Structures are given as C-alpha cells and as structure tokens.
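Residue-level listing of the chains:
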Amino acid sequence: MTQTTAPQARPILHHVTLKTVKLEEMLAWYEAVVGCVPNYKFEGGAWTTNDAANHRVALLQTPALRDDPEKRVHTGMHHMAFEFTTLDDLLANYARLAEIGILPHACLDHGLTTSFYYVDPDGNSVELQADNFGDWKQSSEWMRTSPEFVKNPIGVEVDPPRLIEALAQGVPLAEVHKRSRAGEYVPAQPGDLRLPA
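First things first, this report covers the structure right here in the doc.

Reading the values: rules and limits
Residues numbered from 1 in each chain as written. Predicted model: local features only at pLDDT ≥ 70, side-chain atom pairs only at ≥ 80, totals over all residues. Heavy atoms only, no water. Helix = DSSP H or I, 4+ residues; strand = E, 2+ residues; numbered from the N terminus. Buried < 20%, exposed > 50% of the residue type's maximum accessible area, 1.4 Å probe, protein only. Contact = heavy atoms within 4.5 Å. Areas by Shrake-Rupley, 256 points an atom, 1.4 Å probe, with all protein chains shown as cover. Lys, Arg positive; Asp, Glu negative; His and termini not counted. Charge placed at Lys NZ, Arg CZ, Asp CG, Glu CD. Pairing = 2+ DSSP bridges. Axes fitted to C-alpha atoms, helices over the stretch in contact; angles between N-to-C directions.

## A closer look at the overall build of the protein chain
Alright, step 1. Within the protein chain, the regular secondary structure consists of six helices and nine strands.
Alright, step 2. A buried classification covers 38% of the 197 residues belonging to the protein chain.
Alright, step 3. Pairs at least 24 apart in sequence give 60% of the contacts found in the protein chain among residues at least 6 apart.
Alright, step 4. When the accessible surface of the protein chain is totalled, it reaches about 12,200 Å², and 56% of it is carbon and sulfur.
Alright, step 5. In the protein chain, the 17 positive side-chain charges and the 26 negative ones have mean positions that sit 5 Å from each other.

If you want it as structure tokens, here you go:
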C-alpha cells in the first residue's frame, strides 16, 4: 500500500446493509427493537432509519439468496450495535421488548458499556448498549488503561431484571456498576455469545 502525506479523513459509520430472505419479518423486528422504519421499500428491499439519516439499516432480498445454516461458524459480522444515552433507557427498552417476547441471547457488563445482545430473524446479533461512564472520553480512557479490562475484556454477564430491581431499590448507578463487575448480578442461566466452541 502506498503511503500518503495527506491528512486522513475519518468518516462516520452511516449504515449497515443485510441480505435477507425474510424481508417483512426483518422489517417488523428492526422496527420493534430499534425503531427503524422504512424511508423507502420495494420488492428488492428497504432502507430503514430511526433518526434523521436517510437510512441506518438497509435490507436487500432477491430470489437467489438462501439462508446459511452454518452462519455462526463462518467468518463475517458478529454483531451491529446501537447506543442508548443512559442505562435507564437501555433497561426500559429491555423491559419493553421482554413484554413482547423479545429477549437477549447474552447480557454483559463490558466495563466500558452495559450491553444486551438480541438475535434478529435471520440470526444476526444486534447489540443494544449504554456507556457506563456516560462519556466516551472516560470510557475510552478506562478501556485503554484499566488492568481490569486487560484481565477480562469480554466482561461479566448480568441479569437485566436484577439491575432494574437494584436501581428501583435506590442503589446508586455507580454502585450498581461496581456490583455488576463484581459478579453480583450474574444470571441463573449463562448467555450465548454466538461463537463456536
């Protein structure tokens, strides 16, 4: 690769495009989970958004596509992520989705974020997260310098209903996070990180 002296532009991630054989099911799921609605839809797909952007999750379909039953053991995207402003917002969304039967396949306190992972109708993982510091600068610094993160970069599993209960009992957010990292809110059943053993 040729080196250049020109300053590097740093583009912002705009959207993800997924191939699907379940367009209508995927559209309903992404609307329910992250509020994405079509800005444009046709028989070959749809461009959906949950903010002012023209599209954030695009879906393409064609009769030549087929499901990959071994998707989990193939290389490719592991998950895409959406960020909530606060842990309260993330937990409120967890409760809303649980009411309609959409539950995460894994829930982790990564240290820098608290993250709940969901599987869409095509088997893609979608992370919903909140920054544990409420500030990207602080969470980035913690990630770069924390011996705790070096020791365990994946994180500690958490049980969202137990987090909701702790906060409802008045446990301060910083204390909930500390207890979470200490393993106090580990779920009864381990999550599925959707990686081959």
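## Comments concerning the sheet that holds strand β1 (residues 16–19)
Alright, step 1. If you trace the four strands from one edge of the open sheet to the other, you get β1-β4-β3-β2, paired in mixed fashion. Of all the strands in the sheet, the pair left with one neighbour each is β1 and β2 (37–42). Here the strands of the sheet are splayed against their neighbours by 15° on average, with no regard to which way each runs.
Alright, step 2. Sitting on the sheet, helix α1 (residues 23–34) is in contact with β1, β2, β3 (45–49) and β4 (57–60), with an inclination near 170° to β2.

## Overview of the sheet that holds strand β6 (residues 106–109)
Alright, step 1. Across the sheet, five strands lie side by side as β5-β8-β7-β6-β9; this open sheet has mixed pairing. Looking at the sheet topology across the chains shown, the edges are occupied by β5 (79–84) and β9 (156–157).
Alright, step 2. As paired strands, strand β7 (residues 113–119) and strand β8 (residues 125–131) are joined by seven bridges and run antiparallel to one another. Following the sheet pairing, T114 is matched in β8 by A130.
Alright, step 3. On the sheet, helix α2 (residues 87–99) packs against β5, β7 and β8 and is oriented at approximately 25° with respect to β7.

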